[in-house]
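Take a look at the letters that make up each chain.
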Amino acid sequence: MDRESKDKRVFHEWWISCVLLLLAVSFVFDIWGDKKVIREHHPVDPKYYSTDTVRHAFEKPQIDQAGYEFDCNSCHELFEAPLEIPPLIAEHEDIVLRHEPAMTCYTCHSRTNRDKLNDIYGTEIPFDESVNLCRRCHGPRYRDWKFGIHGRVIGYWDPAKGAGKNLACVYCHDPHAPKFPLMEPSPPPSRDDFITGGKAANHE
Ligand code: HEC
Ligand code: HEC
Ligand code: HEC
Ligand code: HEC
């Protein structure tokens, strides 16, 4: 090969890599493509897909007072419970009974041992077994619940793998106002991808 044609080839190679480099730069900065539409994603609020229940049970007969947990009896032992309950003024004013008009607090709470619930015959029921209170008056609903038709079963469906557990009624129904509150419908999934269409759609 003579010197002249060798120089030519070197020049050619240099020229080719220059073009490739320019192309690469143009791709990186997207010089020729349509303007990219930046998709806005509106993430769905986690509250809409949370599997948590609407409320939580008080499994222990305790309430929080200024950061300390007090047993019900720690107060209620100090004074005698009235037979006729006057409107609550000092302690539990937030509790408004909206269950069944003839009920009083003692329909469900023991008058003499406030750490326990009781049924209408006066049989004491621990707080963490409140289902046994509800079933006294909601037999058919309780039966449905037991079979997993009403409420929610957590754990295992297959008994061979482990135990299933039915969440107690009070995880969903406030015993004092048990009507299940109307729920806000969840928003649809984010459709922005489809709305902007064209280049901004998923199949770029
Ligand atoms: C810090 C003290 C205190 C604690 C703790 C407390 N209570 Fe009370 N409770 C009262 C007072 C005071 C009244 C009287 C009514 C009023 O003025 O609010 C009352 C009233 C009641 C009543 C109405 C009947 C009655 O005896 O007057 C019920 C039912 C009741 N409490 C249930 C409970 C339960 C269940 C717990 C535990 C989860 C509890 N209380 C914990 C102070 C307390
Ligand atoms: C239909 C039964 C029922 C009636 C009636 C009832 N309770 Fe309760 N109450 C329960 C159950 C069950 C719990 C515990 C379960 C829970 O709230 O998760 C409870 C919990 C409580 C608690 C502790 C938790 C909290 O919300 O502070 C207090 C205090 C209380 N009740 C007071 C009262 C008072 C006062 C009345 C009357 C005005 C009353 N209850 C009427 C069933 C009842
Ligand atoms: C002493 C009997 C009794 C007990 C105990 C009782 N309930 Fe009820 N409950 C009733 C009656 C009666 C009604 C019907 C009220 C009506 O239809 O107006 C009712 C209504 C309800 C409703 C429907 C409310 C509505 O307005 O749609 C729910 C939910 C409910 N109870 C849940 C419970 C739960 C949970 C418990 C246990 C913590 C419980 N109940 C304990 C007698 C009882
Ligand atoms: C996982 C949540 C959940 C659990 C646990 C649960 N429920 Fe319900 N319950 C609901 C929902 C949701 C409704 C339907 C409300 C509606 O259709 O407006 C309902 C409806 C009811 C109603 C009828 C109210 C009406 O307006 O028709 C009764 C009574 C009732 N439940 C009692 C019970 C009892 C008793 C238990 C426990 C043995 C229980 N529930 C456990 C969620 C639950």
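Everything numeric in this text was worked out from a predicted model, so none of it was measured.

**Comments concerning the overall build of the chain**
Right, so step 1: Counting its secondary structure elements, the chain contains 5 helices and 6 strands.
Right, so step 2: The secondary structure elements of the chain, listed N-terminal to C-terminal, are α-β-β-α-β-β-α-α-β-β-α.
Right, so step 3: Residues classed as buried in the chain amount to 6% of the 204 residues present.
Right, so step 4: For the chain, contacts bridging at least 24 residues in sequence account for 46% of all contacts bridging at least 6.

**Examining the site of ligand 4**
Right, so step 1: Taken together, 16 residues lie near ligand 4, and W145, G151, C169, C172 and F180 sit nearest.
Right, so step 2: For the shell around ligand 4, the secondary-structure elements that each account for two or more residues are α3 (131-137) and α4 (139-146).
Right, so step 3: Among the residues making up the shell around ligand 4, the classes are represented as 9 nonpolar, 5 polar and 2 charged.

**Details of unusual backbone geometry**
Right, so step 1: Although it is not a glycine, A66 sits at a positive phi angle of roughly 50°.
Right, so step 2: A count of 5 C-beta atoms within 10 Å places A66 in the exposed class.

**Some details on the confidence of the model for the chain**
Right, so step 1: Taken as a whole, the chain shows an average pLDDT of 85; of its residues, 84% reach a score of 70 or greater.
Right, so step 2: Taken together, the stretch residues 197-204 has pLDDT below 50 and engages in 8 contacts with residues farther than four places along the chain or on a different chain.

**Points about the nonpolar core**
Right, so step 1: The biggest cluster of nonpolar side chains holds 7 residues, and these are C108, L117, L133, C134, A168, C169 and V170.
Right, so step 2: The contact partners of A168, leaving out residues within four places of it in the chain, are A57, S130 and V131.

**Remarks on the environment of P185**
Right, so step 1: Structurally, P185 can be placed in the loop between β6 (164-166) and α5 (192-196).
Right, so step 2: Note on P185: 7 C-beta atoms within 10 Å, which makes it exposed.
Right, so step 3: A sequence separation of 137 residues divides P185 from Y48, and the C-alpha atoms of the two residues are 8.6 Å apart.

**Regarding the pairing of strand β2 (residues 68-71)**
Right, so step 1: Direction of pairing for strand β1 (residues 62-65) relative to β2: antiparallel, over a ladder of 4 bridges. Residue pairing in the sheet places Q62 in a bridge with D71 of β2.
Right, so step 2: Where β1 hands over to β2, the hairpin turn is made up of 2 residues, of which A66 adopts a positive phi near 50°.

Calculation criteria
Each chain has its residues counted from 1, running along the sequence as written. Whichever chain is written first becomes A and whichever ligand is written first becomes 1, with later ones labelled in order. For a predicted model such as this one, the threshold for reporting local features is a pLDDT of at least 70, and the threshold for listing and counting side-chain atom pairs is 80 or more; totals across whole chains, interfaces and linings nevertheless cover every residue. The helix and strand labels rest on DSSP assignments: H or I over at least four residues marks a helix, E over at least two residues marks a strand, and numbering proceeds from the N terminus. Around each residue's C-beta, the other C-beta atoms within 10 Å are counted; 20 or more make the residue buried, 12 or fewer make it exposed, and counts in between make it partly exposed. All C-beta atoms are placed from the backbone. By the criterion used throughout, residues are in contact when their C-beta atoms, derived from the backbone, lie within 7 Å. Placing the C-beta atom from the backbone, one calls a residue near a molecule or strand if that atom lies within 6 Å of it. Polar here means any residue other than Ala, Val, Leu, Ile, Met, Phe, Trp, Tyr, Cys and Pro, which are nonpolar, and Asp, Glu, Lys and Arg, which are charged; Gly is therefore polar. How sure the predictor is of each residue is captured by pLDDT, a score from 0 to 100. Here a nonpolar core is just a set of buried residues of the types Ala, Val, Leu, Ile, Met, Phe, Trp, Tyr and Cys, joined wherever their C-beta atoms sit within 7 Å. Paired strands, as defined in this entry, are two strands with at least two bridges between them according to DSSP.

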